[in-house]
Structures are given as C-alpha cells and as structure tokens.
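# Notes for the structure review
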Amino acid sequence: IPRSRFAPVKTTNDLLALRSDAYVLTDDFRVVLDESRNGVPPNVKLDGQYKFTDRMEELMGSGKAPSLKECKKLVIEGDMKFAAGITIKGEVTIKNTGDKKRTVPPGIYDKDFDVTNVEYKEPGCGCVVA
C-alpha cells in the first residue's frame, strides 16, 4: 500500500506528528501530509516516558498537538506538557532537566528551549501551572 493512501503510525512519535497540522484530512477522509511538507513528515523524538499513548496524551495538556507544519525535527526531553498555541519551526529540542513537570508556554519555537525553570500562568485562572 503506498504511503499516499495511509500515514503509518508505529510509535507515539508518529502519532504526535499525525495529530498535528503537518497532516490534513482529505475530502475522501484520508489523512495525508500537508502539501507544504513535500512528502517529508516531521521527525519527532519523544522522551522514553512518552512511549505509551496515555503519557503522550498528558504531554498534550491542551488536548491539541503543537503546530508542526514547518517543523523539521522536534525532540522532547523530560517531563512536560504543552499549552495551547505552540508552533514549532525548523529543528527544536525542548527539555526539562528538573524533577517537576513543566508547561511549555504558547509561542513560536524556532530554536532549542529549556522549560526547567519556567512557570506558566494559565490565562483566565491566574494560577501558576508547572
């Protein structure tokens, strides 16, 4: 079966990419790479703790995958979750070297980012999210 007819998902790395905007749903309900990707999917490497889907779902704390349409490679190291409104461009490593789970704030990331000491306040609640 040619890749034009399906998007293979063998790991949570593949699943995260598939849930992003790097893939689109066609009128005939096929999931295919966005044309702007020129047939090359984003290279996603998740930390080993995200090997299973339940932990990958926790990583997407907002319930939505980050935008990977312009991402060449995304590496996630450490315990974290994504806020809504994250765009990854180019090759980016996001890491948390601490023991406490951290939230990656909304924004455009086009270079490596260390979230270890970031304290993000959720809009509307005034609470600090680790």
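Residues numbered from 1 in each chain as written. Predicted model: local features only at pLDDT ≥ 70, side-chain atom pairs only at ≥ 80, totals over all residues. Heavy atoms only, no water.

## A word on the pairing of strand β4 (residues 67–77)
- Of the strand pairs in this sheet, strand β3 (residues 43–46) and β4 are connected by 4 bridges, and their pairing is parallel. Looking at the pairing, V44 lines up with L74 of β4.
- Regarding the hand of the β-α-β motif, the stretch spanning β3, helix α2 (residues 53–59) and β4 is left-handed.
- Taken together, the 8 bridges between β4 and strand β6 (residues 86–95) define a ladder with parallel strand orientation. Looking across to β6, one finds that V75 is bridged to T93. (Pairing = 2+ DSSP bridges. Helix = DSSP H or I, 4+ residues; strand = E, 2+ residues; numbered from the N terminus. Right-handed = clockwise from strand over helix to strand, strands pointing away.)

## Describing helix α1 (residues 12–19)
- Three or more residues of α1 are buried, namely T12, N13, L15, L16 and A17.
- Residues of α1 that are buried in the fold lie against β1 (23–25), β3, α2 and β4.
- The distance from a side-chain oxygen at the start of α1 to the backbone nitrogen of N13 is 3.2 Å, and the residue carrying that oxygen is T11. (Buried < 20%, exposed > 50% of the residue type's maximum accessible area, 1.4 Å probe, protein only. Contact = heavy atoms within 4.5 Å. Polar contact = N/O pair within 3.5 Å; in protein donor to acceptor, adjacent residues only side chain to side chain.)

## Comments concerning a nonpolar patch on the surface
- Where nonpolar side chains cluster on the molecular surface, the patch consists of L25, F29 and V31 and spans about 330 Å² of accessible area.
- As for its position among the elements, F29 is in the loop between β1 and β2 (31–33). (Patch = residues over 30% accessible without salt bridge, like charges linked within 9 Å, V, L, I, M, F, W, Y side chains within 5 Å. Areas by Shrake-Rupley, 256 points an atom, 1.4 Å probe, with all protein chains shown as cover. Salt bridge = Lys/Arg side-chain N within 4 Å of Asp/Glu carboxyl O.)

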